[in-house]
Structures are given as C-alpha cells and as structure tokens.
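Structural description and commentary
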Amino acid sequence: MASLVPPPGRSEVLSLFRSLLRTSRKFTDYNIREYAKRRTVDAFRHNKDLSDPSAIAAAFCEGKTQLEVATRQAVVYSLYAPKVKSIMEIALGSHIRFVVFCGCIINA
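First things first, this report covers the structure right here in the doc.

Cut-offs applied
Residues numbered from 1 in each chain as written. Predicted model: local features only at pLDDT ≥ 70, side-chain atom pairs only at ≥ 80, totals over all residues. Heavy atoms only, no water. Helix = DSSP H or I, 4+ residues; strand = E, 2+ residues; numbered from the N terminus. Buried < 20%, exposed > 50% of the residue type's maximum accessible area, 1.4 Å probe, protein only. Contact = heavy atoms within 4.5 Å. Salt bridge = Lys/Arg side-chain N within 4 Å of Asp/Glu carboxyl O.

1. Remarks on the environment of proline 7
In this structure, proline 7 sits in the segment before α1 (10–24). The exposure class of proline 7 is partly exposed, given its relative accessible area of 39%. Considering only alpha carbons, one finds proline 7 and phenylalanine 60, 53 residues apart in sequence, at a separation of 8.1 Å. With near-sequence residues (within four places) excluded, proline 7 lies in contact with Pro53, Ile56 and Ala57.

Structure representation (structure tokens):
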C-alpha cells in the first residue's frame, strides 16, 4: 500500500537539518550542545542514502519529532543551567589558544 504522506523535498530536509543545528546551539551545557550537534550530523549521514519514499518520510518525521524534543529540552536545560562553566567553555572562551605539537605545548 502506498504511503499517503509524500516524501519531503530537499529544501525541507535541509531546513530540518539547519533547525536541529540551531536548536543544538541553544543548550547551555557544552557537553549536551556538542552531543546534540554530533547526533544531528550522524543521523543525517546515516540516512543520506535512503531511496524508498516511505523510509524517507519516516526518517523526516522522526527528525521533526527529535526537533520538538530538543527544543523542549533546551528550554528546560536553560532553566537549570549550571552557574560554573565547564573547562571546555573556559578554554574555548579564552583568547590564548594552545596547540599540541609533537608532545610540546606551543602558544599559538
């Protein structure tokens, strides 16, 4: 039986991808923010070779559901944001960058 929902177009899929990445930036915690971004990219890479229209529609629907969940979670996490930054946020926020090269730390 044919699916009643047509598969999404390229622009709809790209819009969903951008929305998920935008939502991942709203997480206040570095680890959760990076996890959401990595999970988005991995899921889209995993589904990039889908050719069956019903599978594409199902993956798109799952992505929309994940976007709704991520949006709600970003709000909840912002309400209970930690007062102290993580070490990664402190290191990324400073103007001094260190590069590890051949086991030596070089100020870059």
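Next comes the rest of the account.
2. Some details on the pattern of salt bridges
According to the stated counting rule, one finds 1 salt bridge in the structure shown. Of the charged contacts, one joins lysine 37 and glutamate 34 as a salt bridge, the two residues approaching to 3.4 Å between their closest N and O atoms. Here glutamate 34 and lysine 37 lie together in helix α2 (residues 30–47), a separation of 3 residues that amounts to about one turn. Lysine 37 gets classed as partly exposed once you look at its relative accessible area, which sits at 36%. In this structure glutamate 34 comes out as partly exposed when scored by relative accessible area, which is 24%.

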